[in-house]
Every structure is written in structure tokens, then in C-alpha cells.
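Structural description and commentary
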Amino acid sequence: MSTNPPNLRPDIAPTATFASTSRGDQPTIGMVSLGCPKALVDSERILTRLRAEGYGVSPDYAGADAVIVNTCGFLDSAKGCHRRSAKRKR
């Protein structure tokens, strides 16, 4: 089984930067993408759709109105890892 390159691992990936295009009345979303590369692609699709619907993307969780955690649940070991990670984010 192959592993993700280090720059794709959420725990050591570079911090994303976003243009400041939010409006005062615009809800903001934070996104955590855990798991396989497909989960990352799905997260990008979700964020694209949310932006099209008028949501802003927060560069950190503290500034978000809501945080979406997108995980890969195909492997039982991945499910447990993702649950522990989600608890640490609270």
C-alpha cells in the first residue's frame, strides 16, 4: 500500500492561504480533509460548491462558523484515527 507524500499529510502539510474575499454577512466554513487522496479531491469539490453558494472559507478553525471533517471510512483503522483526530480539534 502506498503512502501519501509528506506535503499531503494533514498534520505536516503547509498551511493553506486564502484570499480575503469574505463579506460581513457571509458564513464561513473550515475544512479538515483526512484520509486518502480521493477524500482530498472530494473536499475540494465540497469547498468549490460552498463558495458558489456564497460561503466563505476560513483559514483557521477559530474563525469558522462551522467546520466540516471529511474522512475516508473504508478501513476500520482509519475510522479510529479520524475520530481521535476530530476529538483533538475540538
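That block above? That's the structure.
A short tour of the structure in this document, coming up. What you are looking at is a predicted structure, and each value in this text was computed from that prediction instead of being measured.

As for the sheet that holds strand E3 (residues 66-70)
- Pairing in this open sheet of 3 strands is parallel, and the strands run E2-E1-E3 from one edge to the other. Pairing within the sheet leaves two strands with one partner each, and these edge strands are strand E2 (56-57) and E3.
- Where strand E1 (residues 28-33) lies against E3, 5 bridges are found, and the strand directions are parallel. Bridging from a neighbouring strand, Gly30 pairs with Val67 of E3.
- Helix H1 (residues 37-52) rests against E1, E2 and E3 of the sheet, and its axis sits at about 170° to E1.

Points about the pattern of salt bridges
- Per the counting criterion, the structure on display carries 2 salt bridges.
- In this structure, the salt-bridge partner of Lys38 is Asp42, at a minimum N-O distance of 3.0 Å. Placement of the pair is Lys38 and Asp42 together in helix H1, with a separation of 4 residues, close to one helical turn.
- Taking the shortest distance from any N to any O, the salt bridge between Arg49 and Glu53 comes out at 3.2 Å. Here Arg49 matches Glu53 in class, with each residue exposed.

Procedures and definitions
- Throughout this document, residue positions are counted from 1 along each chain, in the order its sequence is written.
- With the structure being a predicted model, the display of local features is reserved for residues of pLDDT at least 70 and the display and counting of side-chain atom pairs for 80 or more, all residues being used for whole-chain, interface and lining totals.
- The basis for every side-chain value is the complete set of non-hydrogen atoms in the structure, without hydrogens or water.
- Any two strands with at least two DSSP bridges between them are considered paired.
- In this description a helix means any DSSP run of H or I spanning at least four residues, a strand means any run of E spanning at least two, and both kinds are numbered starting from the N terminus.
- By the convention used here, residues are in contact when the closest approach between their heavy atoms is within 4.5 Å.
- Here an axis means a line fitted to C-alpha atoms, over the contact stretch when the element is a helix, while the angle between two N-to-C directions is reported on a 0 to 180 degree scale.
- The term salt bridge refers to a pairing of a side-chain nitrogen on Lys or Arg with a carboxyl oxygen on Asp or Glu at a separation within 4 Å.
- Categorising residues by exposure relies on relative accessible area from a 1.4 Å probe, with only protein chains included: less than 20% of the type maximum marks a residue as buried, more than 50% marks it as exposed, and the intermediate range marks it as partly exposed.

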